[in-house]
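# Report on the structure
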Amino acid sequence: MTAGTDETSSTPDGSVAGDPALTALGWRHVYSGKVRDLYRRDDLPGRMLVIASDRVSAFDHVLEPAIPGKGALLTQLSMWWFAQLGVPNHLAPEHDELVTTLPSDAAARAMIVRELDMLPIEAVVRGYLTGSGWAEYRDSQTVCGIPLPAGLSDGDRLPEPIYTPAWKAPLGEHDENISFERTIELVGAERATELRDQSLAIYRAAAATAEAKGLILADTKFEFGIDPDTGVLTLADEVLTSDSSRYWDGLAYAAGGANRLDSFDKQIVRNWLAANWDKQGAPPTLPEEIVETTAARYRELLDRVTR
Ligand code: ATP
Ligand code: MG
């Protein structure tokens, strides 16, 4: 959903209220997604404060409890990648000093960004076959309709990275895989092509950076928007975090054992839920051990990427 169109405060289920400490500083809560809370200030038109919470979502549900420190880790990792990538992004560094005026807990999770006209597309790039892609491949030897060679196994590297966009469903609905042709219908041929080419280029650059650090970037999802002032396609939201990407350890992958595809993302949470919940009704509370393991994996990824 495009945060920019929301004039009133809205949340997935009405449960997320604005942080009073931020409200007191003039930041008006305008929207909460599953993970991020967005604020505006009346004297800063065209800018937004994005606060990454510790909330964790899986199978389109926000889970209890939160993962301590997750919001700050995601923010640091995104900022690091934005600085590395050298492509237009939504950060508004001219307002950096404003971040320092926030309470320290919020400052550690905060980005001040230019508000973009978000494209309703999740730009997914996959360099390896796994997850839902692997499930589809087993049925039809395709991933999101793209034909692939025979004989691949779960976790195998694809001959070339593939772009498999999804339509970003309105809040509460499931995102839906779509064809490249459908993205042309949604945003026009020129933007659709730019989106695909930029996504593949960023994935390739990031995968090479990760590889140099002993990590495999198996797949990732980008969100882009159009800068209303310049018309430039701009990388937004979070980037290359453990929420938006699947990272594997290069050595474990090469060794090929049972830990080959252990990931640094919320796979631990997904696996536990898959084993302990029938996906009916509200999901169960995560046990402390799962929360701690997940927090530790998120920390380890940040350390290894940014080291
Ligand atoms: P949903 O938007 O469906 O709630 P989500 O749960 O992934 O998805 P979050 O990541 O929690 O959402 O919230 C971030 C929201 O802010 C997203 O809707 C995202 O598209 C939007 N967003 C991110 N960067 C910008 C930007 N620079 N300008 C406008 N909107 C942005
Ligand atoms: Mg998001």
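This text follows the structure it describes.
These lines cover the structure that appears in this document, whether it is placed above or below. This one's a predicted model, so the numbers in the text were calculated from it and none came from an experiment. (Residues numbered from 1 in each chain as written. Chains lettered and ligands numbered in written order. Predicted model: local features only at pLDDT ≥ 70, side-chain atom pairs only at ≥ 80, totals over all residues. Heavy atoms only, no water.)

## Description of the nonpolar core
Core analysis: the biggest nonpolar cluster contains 51 residues, and Trp81, Phe222, Phe224, Leu240 and Tyr247 have the highest contact counts within it. In terms of residues, this core owes the most to one element, helix 7 (residues 189-212), which gives 8 residues. Those residues in contact with Phe224, other than ones at most four positions away along the chain, are Met118, Leu119, Ala123, Leu195, Gln198, Ser199, Ile202, Leu233, Thr234, Leu235 and Ala236. (Core = buried A, V, L, I, M, F, W, Y, C linked by side-chain atoms within 4.5 Å. Buried < 20%, exposed > 50% of the residue type's maximum accessible area, 1.4 Å probe, protein only. Helix = DSSP H or I, 4+ residues; strand = E, 2+ residues; numbered from the N terminus. Contact = heavy atoms within 4.5 Å.)

## Observations regarding the site of ligand 1
Taken together, 20 residues sit near ligand 1, with Tyr31, Lys34, Val35, Arg36 and Glu223 positioned nearest. Within the contact set of ligand 1, an oxygen atom lies 2.6 Å away from a backbone nitrogen or oxygen of Arg36. Between a nitrogen atom of ligand 1 and a main-chain N or O atom of Asp237, the distance comes to 3.2 Å. Protein chains bury 96% of the 610 Å² of accessible surface belonging to ligand 1 in isolation. Secondary-structure elements contributing two or more residues to the shell around ligand 1 are strand 2 (36-40) and strand 6 (110-114). When grouped by side-chain class, the residues that make up the shell around ligand 1 number 11 nonpolar, 2 polar and 7 charged. (Near = heavy atom within 4 Å. Polar contact = N/O pair within 3.5 Å; in protein donor to acceptor, adjacent residues only side chain to side chain. Areas by Shrake-Rupley, 256 points an atom, 1.4 Å probe, with all protein chains shown as cover. Nonpolar A, V, L, I, M, F, W, Y, C, P; charged D, E, K, R; others polar.)

## A look at the sheet that holds strand 16 (residues 233-235)
Sheet strands pair via backbone hydrogen bonds, and the direction of the pair is either parallel or antiparallel. Across the sheet, which stays open at both edges, the 3 strands sit in the order 7-15-16 with antiparallel pairing between neighbours. With partners counted over all chains shown, the strands left at the sheet margins are strand 7 (117-118) and strand 16, one partner each. With 3 bridges connecting them, strand 15 (residues 224-226) and strand 16 associate as antiparallel partners. Counted as the bridge partner of Ile226 is Leu233 from strand 16. (Pairing = 2+ DSSP bridges.)

## With respect to the sheet that holds strand 1 (residues 28-32)
Ordered in space as 1-2-3-6, the 4 strands form an open sheet in which the pairing is antiparallel. Every other strand in the sheet has two partners, leaving strand 1 and strand 6 as the edge strands with one partner each. When the angles between neighbouring strand axes are averaged without regard to direction, this sheet yields 30 degrees. Across the sheet, helix 2 (residues 70-85) touches strand 2, strand 3 (47-52) and strand 6, and the angle it forms with strand 6 is around 45 degrees. (Axes fitted to C-alpha atoms, helices over the stretch in contact; angles between N-to-C directions.)

## Remarks on the pairing of strand 17 (residues 245-249)
A large share of strand 17 lies buried, amounting to 5 of its 5 residues. Burial along strand 17 is two-sided: the face carrying Ser245, Tyr247 and Asp249 and the face carrying Arg246 and Trp248 are both buried. Here 5 bridges tie strand 14 (residues 215-222) to strand 17, and the two strands are oriented antiparallel to one another. Within strand 17, the position partnered with Ile216 by the bridge is Trp248.

## A closer look at helix 7
With 24 residues, helix 7 should reach 34 Å at 1.5 Å per residue; the first-to-last C-alpha distance of 35 Å fits that figure. What helix 7 keeps buried is the set Ala192, Leu195, Gln198, Ser199, Leu200, Ile202, Tyr203, Ala206, Ala207 and Ala210. Backbone geometry just after helix 7 places Gly214 at a positive phi near 75 degrees. (Expected span 1.5 Å × (residues − 1).)

## So, the pattern of salt bridges
By the definition in use, this model includes 24 salt bridges. With a shortest N-O distance of 3.7 Å, Asp237 and Arg36 are connected by a salt bridge. Separated by 201 residues along the polypeptide, Asp237 in the loop between strand 16 and strand 17 and Arg36 in strand 2 bring together distant segments of the chain. Considered together, Asp237 and Arg36 belong to a single accessibility category, that of buried residues. A salt bridge links Asp156 to Arg260; the nearest nitrogen and oxygen atoms lie 3.2 Å apart. With Asp156 in the loop between strand 10 (146-147) and strand 11 (157-163) and Arg260 in the loop between helix 8 (250-255) and helix 9 (267-276), the pair connects residues that are 104 residues apart, well separated along the chain. Through salt bridges with shared partners, one network takes in Glu122, Lys168, Lys221 and Glu223. (Salt bridge = Lys/Arg side-chain N within 4 Å of Asp/Glu carboxyl O.)

## Comments concerning the environment of Ala295
Relative to the elements of secondary structure, Ala295 occurs in helix 10 (residues 288-306). Sequence separation of Ala295 and Tyr247 is 48 residues, and the distance between their C-alpha atoms is 15 Å.

## Looking at unusual backbone geometry
Backbone torsion omega between Glu64 and Pro65 reads -10 degrees, so that peptide bond is classified as cis. Residue position: Pro65 is located in the loop between strand 5 (61-62) and helix 2. The backbone of Asp60 sits at a positive phi, close to 65 degrees, despite the residue not being glycine. Relative to the elements of secondary structure, Asp60 occurs in the loop between strand 4 (57-58) and strand 5. With a phi close to 60 degrees, Gln141 is a non-glycine residue in the positive phi region. Note on placement: Gln141 falls in the loop between helix 5 (131-140) and strand 9 (142-143).

## A few points about the packing of helix 2 against helix 7
For the pair helix 2 and helix 7, the least separation of the axes is 11 Å and the interaxial angle reads 110 degrees. One element, helix 2, and the other, helix 7, form an angle in the roughly perpendicular class. The two elements helix 2 and helix 7 cross, and the hand of that crossing is right-handed. Taking contact as the criterion, the partners of Trp80, Trp81 and Leu85 in helix 2 are, on helix 7, Ile202, Ala206, Thr209 and Ala210. In terms of residue class, the contact of helix 2 with helix 7 is built from 6 nonpolar, 1 polar and no charged. (Parallel < 35°, antiparallel > 145°, perpendicular 65-115°, else oblique. Left-handed = near helix turned anticlockwise from the far one by under 90°.)

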